[in-house]
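Structural features, examined
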Amino acid sequence: MSILGTRVVRTEDPLFLTRGATYTDDLVDDRLTGALHVTFVRSQVAHGRLLSVDTSAAREAPGVVAVYTAEDCADLAPIPAGLPMVPPAMQRPWLAQGKVRFVGDIVAVVLTEERYQGEDAAELVSVDIDPLPAVVTTADAAAGEVLLFEDAGTNVMATFGEPAPADFFSGCEVVVEQRMVNQRVAPVPLETRAAAAAWGDDGRVTIWCTNQGAQQAKGEIAGWLGMDPARVHLITPDVGGGFGAKIGADPEYAFTAWLAQRAGRPVRWTENRSENLVGMLHGRGQDQTVRIGGRRDGTIEAYSIAVDQDGGAYPRVGIILPTLTMLMAAATYAFPKVHAHGRALATNTTSIGAYRGAGRPEATAAVERAIDLFAAEIGMDPAEVRRKNLVPSFSEPHTTPSGATYDSGEYTAALEKALEAAGYDELRAEQARRRERGEARQLGIGLSTYVEITGADTGLGSAESAELEVHADGTATVLTGTSPHGQGHATAWAMLASDQTGIPVEKITVLHGDTDRIPRGGGTMGSRSLQQGGAAVHQAAVELVALAKQRAAERLEVDAADLELDLAGAGLAVRGTPGAGVTLAELAADEPLLVQTRFEAAAPTFPFGAHVAVVEVDVESGKAELQRLVAVDDAGTIVNPLLAEGQRHGGYAQGVAQALLEEVLYDADGNPQTSTLADYPFVSATELPSFELVDMATPTPINPLGAKGIGEAGTIGSTPAVHNAVIDAVAHLGVRHIDMPTTPMKVWRAIQQAQQGGSNA
Amino acid sequence: MIPGAFEYVRPGTVEEAVAALVEHGDDAKLIAGGHSLLPLMKLRLAMPAVLVDISRIPDLSYVRVEGDEVAIGAGTRHFELEKDDVARAEVPILPYAASQVGDPQVRHRGTLGGTVAHSDPASDLPTALLALGGSVVVQGPGGRRSIPMTEFWLGFYETALAEDEVVVEVRVPRTGSAGWAYEKFTRRANDWPIVAVAAVEGRVALANMAGAVVRATATEEALARGASIAEAAGLADEGTSPSSDMHADPEYRRHLARLLTRRALEKASGAGAAAA
Ligand SMILES: Cc1cc2nc3c(=O)[nH]c(=O)nc-3n(C[C@H](O)[C@H](O)[C@H](O)COP(=O)(O)OP(=O)(O)OC[C@H]3O[C@@H](n4cnc5c(N)ncnc54)[C@H](O)[C@@H]3O)c2cc1C
């Protein structure tokens, strides 16, 4: 029986749970002996003219070796936006020049012997800023009265498409429109950002940093510093979570290389949590307008979405999120007409990047709310409206009006499974009883169906490299271009190699994140790793066995066709001659037994599913509590159910958190209100029920594993289900819509307004 | 998130602690569990030059019955109070309120004296103590004095405690099986209250409805003259001055105060001690 599909316990955990992982800040390395500590002095003002930065007092402080300001890095060209659609004037200077554009913008850098000295000295840097009005919302940005980049002449960072034609909904019996907020959230990886850099005598720099893709980060850093990439060696040690925010290099990482050269000593930097909450990329941040139109019998005829993406102060990957939202606008539905357009706008806030799902959760949240709004408008059960409009089962590629080509889908089956597992009819009956009795705790039932895109080519290609080497002692090493940071690649990749070679999982070491050893790699993001990196490991193992067969044939002087794989013995056996054969280890003793391969995915894959959330809302206080989350997530063939369930659980937690709790807030002057974990309502286990997982697996033809991505699906499906459930719980009181997060105050106020006969939306 | 530099002294007795406060005056700060002070220091919102660590002074952690009162040592950790059998039998609202503070780490570090002295308007135990009544016993250079609970909390981070005084004990009346309730409203289980209400024997105290924890006087007066729970609870926010933050604006806080007071009074009158 194949090891694939079994619940192999994570091989990385004994170390992580005992000695602990080695994160960048934990590194003990000769090359970092005597490292100086980097402290960034950040703007406390969101928007203003930077009049002066006086470092004289800081220079005199104990332990201070150097203090640099923008003048000192005149040799550094500004960091390009890296995205062709962004006006060139919107690039980011290494240190704020002339202006500061968000609370957290870097105005000076302090190098000290000890870390604590850096915080002391940073307080002595006196920064004189003449405040300007802050652009905090996308509406402010669109108004364009205050510009972040005067030279650009606009706050628009990118525009995608045109508004829908005026007659787009003509002929529809019912048209519902809603503006909604897909709020800005903070990714909050447990490991905050950290980096270290040391120059060697050979003129090369080694950079260690916590990141989701060493190779991409290396390329960016070399480019920003104007260096030959061959002179950069980048290592990502153990990484404690990323959720998208550790995709690509951060300026701070590149800075460590420059600082180490300038100071002539290695340097290291680790940010604290408050710095992380303002300095690291945020996620989501879309203002959406949806319109949905159709007939009173429940048939939807047209759907449109307009996206205003908050880009933050400087363009990062967040500004392309509207394109993913637009691509997935048609979702699981057979809407005949779909229109989507968007733009990204500069605001005086932290830059937006990718966050678990990156553009797809925003698409799903919008359409799933739209379906519920339409259902409420025509007085039909939301499950029924979905049934009527889902794309019927398909196994041949299906192209949507928003331009995506789905590989395979069983959306109705997923929905029916979820409804059945949840006991939908009984839930509706219980809801009716509570409404009848006017109880304080009302029941809300929320649905979502979703399809998302994983392994998408976002410009870095859809290929992944793998190297597999068997050693003479019977162990093996896998080198992968993916970049695990919690997912369990060491376990899954070892399973894939073991499945083909018979080498036991515990004898296989999986290495990643070292650009000298693994020059090519796409990292871990966009739920790509198994379907591309895992497929590459599988392919490497297949190729290695083929190579071994040739060698064994020569060594045993038999025809290769007479050899068969002996999985139990991790070797090759001569068919029909018991005892005759050779192990892979023996072959490796003769000459290195190693293959390097590259798997090229023909296309992305489209995992799908359906979620049912049950919440209780205390209608007197407005507080919503999640009682149940029933989830069908179809990610094709599952290599290790334990790992897949872990990804689903984590995804649900973050998805639920967006619906109920989390939001990064700024005041009107652009001051962050959520820059500690006392203020940012990070979800914890106490707010979450035990999740009810329903299995469904429709293999994809796109890769030999049949696997689709599972890293982000949980987030994508759960947010709208929970959001819809909260609103459903108070719908009988006249509430039509409440923006996320559905805080007690917002829910209570929506009820008050509805009761007073006003519209709450 | 690294505090500014400070000196550190660890007195062995309350007298020595008082002496250290006298010696260093303004520059000194007591530290007990550190779970209010250290976060402020890490954010550099507090930068005391001298920390006087009283957490290892012996015999400051106890719960005992003394006549009609229960005396609780200032060094008692929230967790110890939560689990204490005497407290559970004699003043059950206190161990229950202690169990609602933060998360297990906080409850194992934070002390009663610390939360009382800190005077955060959102703190759980002071709210329950204010509803109980009784007194805070403090010790200064001139010896001990007792401050009535109703006169102790003056405002945000402001108490009747003098700069050179240490809270050594809290004394509350034994309430035994009298009805009580503590209603804490949060978004997450381990959060500070957005609003909380403590009710015991017709006395009602509110968390986070003013600069300090306060009594709902109008509600208490209404109850005293025989008003219904609904009517009395409707007055709970009278005279309060709730603040605005991302969780609640004043209007919503006032609503919560009235709602939670109604629920607390219903619980206290109905189920009595069973509410625990
Ligand atoms: C994550 C987190 C969550 C929390 N959640 C809650 C919550 O939900 N509800 C709640 O009520 N509290 C909460 N707290 C606060 C917690 O209860 C603190 O432990 C308590 O407020 C302070 O007690 P301490 O012993 O830690 O005091 P310290 O931090 O040591 O001191 C606090 C202040 O009191 C002074 N002080 C300390 N002891 C004495 C004394 N004996 N005499 C005079 N002055 C003294 C100090 O000088 C200082 O000014 C939370 C704290 C944290 C870190």
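A few words on unusual backbone geometry. The step from A:Met740 to A:Pro741 runs through a cis peptide bond, and the omega angle for that step is -15°. Considering the arrangement of structural elements, one finds A:Pro741 in the loop between α17 (713–730) and α18 (744–755). A positive phi angle is found at A:Phe243, which is not glycine, with a value near 60°. Relative to the assigned elements, A:Phe243 resides in the loop between β11 (232–235) and α6 (251–263). In this model, B:Asn208 sits at a positive phi of 70°, which is unusual for a non-glycine residue. A relative accessible area of 12% places B:Asn208 in the buried class.

This part is about the domain arrangement of chain B. Residue and element names in this part refer to chain B. When cut into domains, chain B gives domain 1 (7–53), domain 2 (59–173) and domain 3 (180–275). When each unit is reduced to the centre of its C-alpha atoms, the spacing between domain 1 and domain 2 is 19 Å. Taken together, the contact between domain 1 and domain 2 spans 14 residues of the former and 17 residues of the latter. The junction of domain 1 with domain 2 conceals about 1100 Å² of combined surface from both sides, 70% of it contributed by carbon and sulfur atoms.

Turning our eyes to something else, we now look at empty space enclosed by the protein. Residue and element names in this part refer to chain A. As enumerated under the stated definition, the model contains 2 cavities of 30 Å³ or more in all. Quantified by volume, the largest cavity comes out at close to 70 Å³. Arg92, Phe102, Arg193, Asp250, Pro251, Glu252, Gly279, Leu281, Arg316, Thr350 and Ser351 are the residues that line the largest cavity. Secondary-structure elements contributing two or more residues to the lining of the second largest cavity are β8 (174–185) and α9 (360–378). A per-element tally of the lining of the second largest cavity places β8 first, with 3 residues. Looking at the lining of the second largest cavity residue by residue, the class counts come to 4 nonpolar, 3 polar and 2 charged.

So, on to the site of the ligand. Residues and elements named next belong to chain B. Close contacts around the ligand come from 29 residues, with Leu30, Ala32, Gly34, Thr111 and Asp124 the closest. Within the contact set of the ligand, an oxygen atom lies 2.7 Å away from a backbone nitrogen or oxygen of Leu37. Thr115 is positioned such that a nitrogen or oxygen atom in its backbone is 3.5 Å from an oxygen atom of the ligand. Considered on its own, the ligand offers 970 Å² of accessible surface; in the complex 90% of this is hidden by protein. Secondary structure elements with two or more residues in the shell around the ligand: β2 (28–31), α7 (112–118) and β10 (166–173). Of the residues forming the shell around the ligand, the biggest block, 5 residues, is contributed by α7. Tallied by class, the residues present in the shell around the ligand amount to 12 nonpolar, 13 polar and 4 charged.

Let us look at the sheet that holds strand β4 (residues 99–100) of chain A. By way of backbone hydrogen bonds, the strands of a sheet pair with one another, either parallel or antiparallel. Residue and element names in this part refer to chain A. An order of β4-β2-β6 is seen for the 3 strands of this open sheet, with the pairing classed as antiparallel. The strands lining the two open edges of the sheet, one partner per strand, are β4 and β6 (126–131). Pairing of strand β2 (residues 48–54) with β4, which is carried by 2 bridges, proceeds in the antiparallel orientation. Counted as the bridge partner of Arg49 is Lys99 from β4.

The next subject is the interface of chain B and chain A. Many analyses report the size of an interface as the accessible area lost when the parts associate. Listed per partner, the contact involves 22 residues of chain B and 32 residues of chain A. For the pair chain B and chain A, the summed buried surface comes to about 2300 Å²; carbon and sulfur atoms form 54% of the total. Looking only at chain B, the three residues that lose the most surface to chain A are B:Arg187, B:Arg188 and B:Met246, adding up to 32% of its buried area. Remark: the boundary between chain B and chain A carries 7 salt bridges. Along the contact surface separating chain B from chain A lie 17 residue pairs in polar contact (both at pLDDT 80 or more). With 7 residues, helix α12 (residues 250–270) of chain B is the largest single contributor of residues to the side of chain B that touches chain A.

This part takes up the sheet that holds strand β28 (residues 692–696) of chain A. Residues and elements named next belong to chain A. Sheet architecture is open: 4 strands sit in the order β18-β26-β27-β28, paired in mixed fashion. Sheet topology places β18 (441–451) and β28 at the edges, where each strand pairs with a single neighbour. Here the strands of the sheet are splayed against their neighbours by 15° on average, with no regard to which way each runs. Pairing of strand β26 (residues 608–618) with strand β27 (residues 623–634), which is carried by 11 bridges, proceeds in the antiparallel orientation. Looking at the pairing, Ala613 lines up with Leu629 of β27. Across the sheet, helix α12 (residues 424–437) lies against β18, β26 and β27, angled at about 145° from β18, the strand it touches most.

Procedures and definitions
Residues numbered from 1 in each chain as written. Chains lettered and ligands numbered in written order. Predicted model: local features only at pLDDT ≥ 70, side-chain atom pairs only at ≥ 80, totals over all residues. Heavy atoms only, no water. Helix = DSSP H or I, 4+ residues; strand = E, 2+ residues; numbered from the N terminus. Buried < 20%, exposed > 50% of the residue type's maximum accessible area, 1.4 Å probe, protein only. Domains from an automatic or database assignment. Contact = heavy atoms within 4.5 Å. Buried area = accessible area lost by both parts, 1.4 Å probe. 1 Å grid on protein atoms, 1.4 Å probe; cavity = no way out; pocket = protein on both sides within 12 Å on 5 of 7 lines; lining within 4 Å. Points joined across faces, edges and corners; volume = space filled by probe spheres on them. Nonpolar A, V, L, I, M, F, W, Y, C, P; charged D, E, K, R; others polar. Near = heavy atom within 4 Å. Polar contact = N/O pair within 3.5 Å; in protein donor to acceptor, adjacent residues only side chain to side chain. Areas by Shrake-Rupley, 256 points an atom, 1.4 Å probe, with all protein chains shown as cover. Pairing = 2+ DSSP bridges. Salt bridge = Lys/Arg side-chain N within 4 Å of Asp/Glu carboxyl O. Axes fitted to C-alpha atoms, helices over the stretch in contact; angles between N-to-C directions.

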